[in-house]
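Reading the structure
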Amino acid sequence: MTLEELRKQIDEIDDGILELFLKRMACAKQVAEVKRQKGLPIFNETRELKILDDVCRKAGEYGGQARILYANLMAMSREAQHSALGSGTELRQAVLKASRFPNKPRSVACLGEKGSYSHEALSRLYPEAEPVFFPDFPSIFAAVENGRADLGVLPVENSSAGSVNEVYDLILKYRFSIVSAISLSVRHCLASRETELHEIQTVYSHPQALRQCAGYLKKRGVSSAECSSTAGAAKLAAGKRKTAALCSEHAAAQYGLNILDRNVQDSDGNRTRFIAIGQNLLIPPQANKISLCFAVPHRTGTLYTVLARFAASGLNLTKIESRPIPGRNFEYDFYLDFSGSVADPKTLDLLCALSEELTRFSFLGNYSELE
Ligand SMILES: C=C(O[C@@H]1C=C(C(=O)O)C=C[C@H]1O)C(=O)O
C-alpha cells in the first residue's frame with residue numbers, strides 16, 4: 001500500500017474512533033441521570049478497574065497503551081457526568097460566596113525585620129497595612145490563624161534556589177486561601193560595618209539567600225552562617241566585626257552598613273515569588289491564577305490522568321510541587337498552580353469534579369500575581 005492509501009485508512013479509522021468517543025460520552029451522560037435518580041456515586045472503582053484489566057488483556061502487546069487510553073476516557077466520562085449533575089456543591093458555594101473586593105487588611109504578617117525582602121513584597125501588595133514581623137514561617141501562619149494578623153506574606157519560590165519547602169508544607173497543613181501574589185526582582189548586596197571586602201570572614205544570611213549566592217561566596221572563600229532573615233543578618237552584621245550580610249540595599253541602609261559589593265547573586269534575573277494568605281476566600285475580578293492541592297493513590301497513571309484533565313481543558317500548569325504527607329511514609333500531596341479563572345464555567349466544572357474525586361483536595365485560591 002502507498003503512504004497515501006495508508007493515511008486514508010488512518011483517517012477513516014479516526015473518524016470511526018471519534019464517532020464512538022462521542023457516543024460513549026453521550027452514554028456516560030445518560031448514566032449520570034440514572035445515578036442521580038438512584039442516588040449513586042459517579043465514580044465506580046470496581047467497574048473501572050475491571051474495564052482496565054479487560055482492555056489490557058484484550059489489547060495484547062498494546063495492553064499498557066490501552067490501559068492508559070481507557071483510564072483517560074473514563075476520567076473524561078466522569079467529568080462529563082459531574083458537570084451534568086453540577087457536582088462539587090461545597091466548592092461552587094464557596095466560590096459564589098467569596099468576596100470579590102480587594103481587601104484592605106489592617107495588619108499583615110511577614111518574616112524578619114524592617115527591610116527584609118518579605119517586607120518589600122508586603123509593602124508593594126499592601127502599602128497601607130501595618131507590617132507585623134515574625135522570626136519564622138510557622139509563626140506567620142499561627143498569626144493568621146489566631147487573628148493577630150489579617151493576612152500573611154510568604155516567599156514560595158526563587159528562580160534559582162527553587163521552592164521554599166517549609167512554606168509549601170505549611171500551606172498544605174493550614175490550607176488557608178491565597179489571596180494575592182507578587183514576583184520581586186531580588187538583588188543581594190554584601191553589606192558590613194567594615195569598609196574593605198578582604199576584612200570579611202563570615203557572611204550571614206537567610207538560607208535561601210546563601211543558596212542564591214553560593215557561587216559568589218565560594219569564590220570569595222568566606223564562611224557562611226544561617227540566620228532567620230536577610231534583614232536579621234544585616235542587624236547581626238552591624239554588631240560584629242569582620243562579618244557581613246547578604247541582604248537588600250534597603251536593609252543595609254536600615255542598619256547603617258557599608259555596601260561592599262552589589263548584585264552578588266549567582267543568577268542575573270534572580271526573582272522571588274511571594275504569596276499573601278488569609279482565612280477567607282477572596283477572588284478579585286481580574287484573578288488569573290489558580291492554586292490547589294490533592295493526593296492520588298499509589299497506582300500506575302493516577303497522577304498522569306489527573307494532569308491530562310487540565311490539558312484536556314486547555315489549562316496551562318505553571319507549577320507542580322510534591323511534598324511528603326506527614327506521618328505517611330512516601331505518600332505525597334501535590335500542589336498545583338495554573339493559569340485560569342473560576343469565572344470560566346468549564347474551569348469551575350473541572351475543579352468541582354476533582355473536588356469530589358480526589359482525596360485531600362483543597363481549592364487554595366484564584367488571584368493575580370503582580371510583577
Ligand atoms: C459510566 C460510568 O461512570 C464512571 C465512568 C466509567 C466509564 O466511563 O466507563 C465507569 C465507571 C464509573 O466510574 C458507570 O458507572 O458506568
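All residue numbers here refer to positions counted from 1 along the written sequence of the relevant chain. This being a predicted model, a pLDDT of at least 70 is required before a residue's local features are given, and a value of 80 or more before pairs of side-chain atoms are given or counted; all residues contribute to the totals for chains, interfaces and linings. Side-chain calculation: all heavy atoms of the structure are included, whereas hydrogens and water are not.

Some details on the site of the ligand
Summary of the distance rule: residues count as near a molecule or strand when at least one heavy atom falls within 4 Å of that molecule or strand. Neighbouring residues of the ligand: 13 residues in total, closest Arg24, Lys35, Asn44, Glu48 and Ser77. In the analysis that follows, any N or O atom pair within 3.5 Å is treated as a polar contact, provided that within protein one partner can donate a hydrogen and the other can accept it, and provided that, for residues neighboring in sequence, both atoms belong to side chains. Between the ligand and Ile42 there is a distance of 3.5 Å, counted from an oxygen atom to a backbone nitrogen or oxygen. At 2.8 Å from an oxygen atom of the ligand is found a main-chain nitrogen or oxygen belonging to Asn44. The helix and strand labels rest on DSSP assignments: H or I over at least four residues marks a helix, E over at least two residues marks a strand, and numbering proceeds from the N terminus. Among the secondary structure elements, those contributing two or more residues to the shell around the ligand are helix 1 (3-38), helix 2 (45-58) and helix 3 (63-85). Here the shell around the ligand takes four residues from helix 3, the largest share from any one element. Residue polarity is assigned by list, with Asp, Glu, Lys and Arg as charged and Ala, Val, Leu, Ile, Met, Phe, Trp, Tyr, Cys and Pro as nonpolar; anything else, Gly included, falls into the polar class. Considering only residue class, the shell around the ligand consists of five nonpolar, three polar and five charged.

Overview of the pattern of salt bridges
What makes a salt bridge here is a side-chain nitrogen of Lys or Arg within 4 Å of a carboxyl oxygen of Asp or Glu, nothing more. The final tally for this structure, using the stated rule, is 26 salt bridges. Between Arg78 and Glu48 there is a salt bridge, with the nearest N and O atoms lying 2.6 Å from each other. Pair noted here: Arg78 is in helix 3 and Glu48 is in helix 2, with a separation of 30 residues, a long-range link. What makes Arg78 buried here is its relative accessible area of 10%. The partner of Asp349 in a salt bridge is Arg92, and the shortest N-O contact between them spans 3.0 Å. Highlighted residues: Asp349 in helix 13 (residues 345-357) and Arg92 in helix 4 (residues 89-97), separated in sequence by 257 residues. One continuous salt-bridge network, built from bridges that share partners, spans Glu157, Arg273, Lys289, Lys319, Glu321, Asp337 and Glu369. For each residue, the accessible area found with a 1.4 Å probe, counting protein chains only, is set against the maximum for its type, and the residue is called buried under 20%, exposed over 50%, and partly exposed in between.

Focus on the domain arrangement of the protein
Each domain's extent was defined by an automatic or database domain assignment. Segmenting the protein into domains produces domain 1 (1-85) and domain 2 (189-261). Domain 1 and domain 2 are separated by 60 Å when their C-alpha centres are compared.

Quick look at unusual backbone geometry
Despite not being glycine, Arg175 has its phi angle at roughly 55°, a positive value. As for its position among the elements, Arg175 is in the loop between helix 7 (165-174) and strand 5 (177-185). On the accessibility criterion, Arg175 (24% relative accessible area) is partly exposed.

Notes on the UniProt feature "domain: ACT" (unreviewed entry) in the protein
Here the UniProt-annotated "domain: ACT" (unreviewed entry) positions come out as residues 291-368. The straight-line gap between the two end C-alpha atoms of residues 291-368 is 11 Å; of that span, 31% is helix and 38% is strand. UniProt positions are given in the numbering used here, feature names are shortened, and annotations may be inferred rather than shown by experiment.

Quick notes on the state of the cysteines
A covalent bond bridging the sulfur atoms of two cysteines is what the word disulfide describes. Cysteine sulfur atoms that come within 2.5 Å of each other are treated as a disulfide pair. Applying the stated criterion to the full structure yields zero disulfides. With no disulfide of its own, Cys227 lies closest to Cys247 among cysteine sulfurs, the gap being 9.8 Å. Classification of Cys227 as buried rests on a relative accessible area of 16%.

What about helix 6 (residues 137-145)?
All buried positions along helix 6 are accounted for by Phe137, Ile140, Phe141, Ala143 and Val144. Projected down its long axis, helix 6 carries its buried residues within an arc of 160°, all on one side. Buried-residue contacts for helix 6 involve strand 1 (107-111), strand 2 (130-134), strand 3 (151-158), helix 7 and strand 11 (271-278). Two residues or fewer past helix 6, Gly147 is found with a positive phi of approximately 85°. Directions are taken from the helix axis to each C-beta atom, and the arc is the one they span. We call two residues in contact when some of their heavy atoms are within 4.5 Å.

Re helix 13
Expected span, for any helix, means 1.5 Å times one less than how many residues it has. Given a rise of 1.5 Å per residue, 13 residues ought to cover 18 Å, and the 18 Å separating the end C-alpha atoms of helix 13 matches this to within 8%. Among the residues of helix 13, Thr347, Leu348, Asp349, Leu350, Leu351, Cys352, Ala353 and Leu354 are the ones counted as buried. Packed against the buried residues of helix 13 are helix 3, helix 4, strand 12 (289-295), helix 12 (302-312), strand 14 (332-339) and strand 15 (359-367).

Remarks on a negative patch on the surface
Patch definition: residues with relative accessible area over 30% and no salt bridge; like charges joined within 9 Å; nonpolar side chains (Val, Leu, Ile, Met, Phe, Trp, Tyr) joined within 5 Å. Every accessible area reported is derived by Shrake-Rupley at a probe size of 1.4 Å, with residue values counting cover from the shown protein chains alone. In this tally, Asp and Glu contribute negative charge and Lys and Arg positive charge; neither His nor the terminal groups of the chain are included. Just so you know, the charge point we use is NZ for Lys, CZ for Arg, CG for Asp and CD for Glu. Together, Asp11, Asp14, Asp15 and Glu19 make up a region of like negative charge exposed at the surface. Structurally, Asp11 is set in helix 1.

Let's talk about the sheet that holds strand 12
The four strands lie next to each other as 13-14-12-15, forming an open sheet whose pairing is antiparallel. Strands at the two margins of the open sheet, each flanked by one partner only, are strand 13 (317-324) and strand 15. Strand-to-strand twist in this sheet, taken as the mean axis angle between neighbours without regard to direction, amounts to 15°. One requirement defines pairing of two strands: DSSP has to find at least two bridges between them. Sheet topology note: the strand 12/strand 15 ladder contains six bridges and is antiparallel. Its bridge partner being in strand 15, Ser291 is matched across the sheet by Gly365. Axes here refer to lines fitted to C-alpha atoms; in helices the fit is confined to the stretch in contact. Angles between the N-to-C directions go from 0 to 180 degrees. Against the sheet, helix 13 engages strand 12, strand 14 and strand 15, with an angle of about 155° to strand 15.

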